[in-house]
Amino acid sequence: MAMSTYLEAGRRAVMEEMQRDGTVWPLGEDLGRGGVFGQYKGLQEMFGAGRIADTPISEACIMGAAVGAAMTGTRPIVEMRFSDFALCAVDELVNQAAKARFMFGGQMRVPLVVREPVGMWRSSAAQHSQSLESWYTHIPGLVVVAPATAADNLGLLKASIRCDDPVVYMEHKNLWSMEGELPEGEHVVPLGQAAIAREGHDVTVVTWSGMRHGCMKAAETLAGEGIEAEVIDLRTLWPWDREAVFASVEKTGRLLVVHEAVAVSGFGAEIAASVAEALHFRLKAPVARLGAPRIPVAYAPTMEDEARVSTEQIVEAVRKTMQPETVA
């Protein structure tokens, strides 16, 4: 095992896949100087400007070019800088890339990866702090991935680059500097497979992306109170690992879904509804979910914290699920 940051793990994934497959090529703004966060540092010197392509400041142009390139035999990695900016290219992604395989009767695939840095990150304010995963899970034809650790950022990004369908790949900005162990040699994490981050038998906590770490801290606090929470990191939001979640809830009888995105219409509602429909006869307490309030993220740290899901909130939500209640 070797230590690496989350950011460097993603850079390694891109480098290794470009070495393995000559059709892989990233494009986006400022990639030649390493990208806005440094996630492409040194790659243009290694592979040349033809494969690490700098583009004009036009998200629609970047995405449109990538969709066409994917349709004609290459595997583009589209760098959107921030997930908020990717909204300028939603038509090309949602109405073209996501639907091409269906509309061409399976004769065409669109193997591209759209990297979208997400989440709150040190006073980035309302236009640079959003978590918009539920926008994409709603769209047939898109795969949606949200890694939470360095090892998963390596393994899931490699799997996404190899996928024959368009992948929206959401990396949390606040995790760039987080370190973790990386396996030596080839490391690919299958899409659609959740990780049991912590085993437990009292309550299931399902989460993804940056909230994995808050949930793990909450689980340690709860363990001191005699409550053993099982923490499941979905890793892939679509397709999501129903079998892993259902098996855990069948064991614990309780479910809390936690995400940083706004709770209203968040992807947690899909998981909660699916579990409630399938396992209502096994539940010991109502299914619960915890997300951000429906407010813009402010610049001021004190106001930003009002939109942040805290470890303390997770602990309190789990405590509530443990209270004896009658399930209808």
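Definitions and cut-offs
Residues numbered from 1 in each chain as written. Predicted model: local features only at pLDDT ≥ 70, side-chain atom pairs only at ≥ 80, totals over all residues. Heavy atoms only, no water. Salt bridge = Lys/Arg side-chain N within 4 Å of Asp/Glu carboxyl O. Helix = DSSP H or I, 4+ residues; strand = E, 2+ residues; numbered from the N terminus. Buried < 20%, exposed > 50% of the residue type's maximum accessible area, 1.4 Å probe, protein only. Pairing = 2+ DSSP bridges. Contact = heavy atoms within 4.5 Å. Axes fitted to C-alpha atoms, helices over the stretch in contact; angles between N-to-C directions. 1 Å grid on protein atoms, 1.4 Å probe; cavity = no way out; pocket = protein on both sides within 12 Å on 5 of 7 lines; lining within 4 Å. Points joined across faces, edges and corners; volume = space filled by probe spheres on them. Nonpolar A, V, L, I, M, F, W, Y, C, P; charged D, E, K, R; others polar. Parallel < 35°, antiparallel > 145°, perpendicular 65-115°, else oblique. Left-handed = near helix turned anticlockwise from the far one by under 90°. Right-handed = clockwise from strand over helix to strand, strands pointing away.

Q: How should the pattern of salt bridges be read in this particular structure?
A: Note on pairing: side chains with opposite charge can pair once their charged atoms come close. This model, assessed by the stated rule, comprises 25 salt bridges. The closest approach of N and O atoms between Glu16 and Arg12, which form a salt bridge, is 2.7 Å. Highlighted residues: Glu16 and Arg12, both in helix α1 (residues 6-20), separated by four residues, approximately one helical turn. Relative accessible area serves as the criterion here: at 17%, Arg12 is assigned to the buried category. One salt bridge in this structure joins Asp233 and Arg212, with 3.1 Å as the shortest N-O distance. Highlighted residues: Asp233 in strand β11 (residues 229-233) and Arg212 in helix α7 (residues 211-223), separated in sequence by 21 residues. Under the relative-accessibility criterion, Asp233 is labelled buried at 0%. Bridged by salt links that share partners, the residues Arg12, Glu16, Glu17, Arg20, Lys158, Arg162 and Glu186 form one connected network.

Q: Mind showing me how you'd approach the sheet that holds strand β7 (residues 167-172) here?
A: Sheets are built from strands that pair by backbone hydrogen bonding, the pairs being arranged parallel or antiparallel. Spatial strand order, β3-β2-β4-β5-β7-β6-β12: seven strands in an open sheet with mixed pairing. Because the sheet does not close on itself, it has two edges, and the strands there are β3 (53-54) and β12 (236-238). Sheet topology note: the strand β5 (residues 113-118)/β7 ladder contains six bridges and is parallel. Note on β7: the bridge partner recorded for Pro117 is Glu171. Of the strands in this sheet, β2 (24-28), β4 (75-79), β5 and β7 touch α1, which is tilted by about 130 degrees from β2. Its contacts with the sheet put helix α6 (residues 150-162) on β2, β4, β5, β6 (143-145), β7 and β12, and the angle it makes with β7 is roughly 165 degrees.

Q: Would you explain the layout of surface pockets in this entry?
A: Sizing a probe to match a water molecule and rolling it over the atoms shows the empty space that remains. Roughly 420 Å³ of internal volume is contained in the largest pocket. Along the walls of the largest pocket sit 21 residues, with Gln130, Ser131, Leu132, Ala261 and Val262 positioned nearest its centre. Examining the composition of the lining of the largest pocket, we find that three residues originate from one element, strand β13 (residues 255-262), more than from any other. Residues that form the lining of the largest pocket fall into these classes: 13 nonpolar, six polar and two charged.

Q: Got a minute to help me understand the packing of α7 against helix α11 (residues 311-322) in this structure?
A: Angle between the axes and distance between the axes are the two parameters that describe a pair of packed helices. Contact pair α7 / α11: the axes reach a minimum separation of 9 Å and the direction vectors enclose 55 degrees. Judged by the angle between their axes, α7 and α11 are oblique. Considering the relative orientation of α7 and α11, their crossing is right-handed. In contact with Gly214, Cys215, Lys217, Ala218, Thr221 and Leu222 of α7, α11 contributes Thr311, Ile314, Val315, Val318 and Arg319.

Q: It is not clear to me how the pairing of β5 should be interpreted in this structure. Could you clarify?
A: Moving residue by residue along a regular strand, the side chains alternate between the two faces of the sheet. The buried fraction of β5 amounts to six of the six residues, a majority that puts the element mostly inside the structure. Relative to β5, β4 is paired through three bridges, and the arrangement is parallel. Counted as the bridge partner of Glu79 is Arg115 from β5. The β-α-β motif built from β4, the intervening helix α4 (residues 90-103) and the parallel element β5 has right-handed crossover chirality.

Q: In this structure, what is going on with the packing of α1 against α6? I would like to understand it.
A: Two numbers describe how α1 lies on α6: the axes approach to 8 Å, and their chain directions differ by 30 degrees. As summarised for this structure, α1 and α6 are arranged roughly parallel, according to the angle between their axes. Between α1 and α6 lies a crossing of right-handed hand. On α6, the residues that touch Tyr6, Ala9, Gly10, Arg12, Ala13, Val14, Glu16, Glu17 and Arg20 of α1 are Ala150, Asn153, Leu154, Leu157, Lys158, Ile161 and Arg162. Here the contact of α1 with α6 is composed, by residue class, of eight nonpolar, two polar and six charged.

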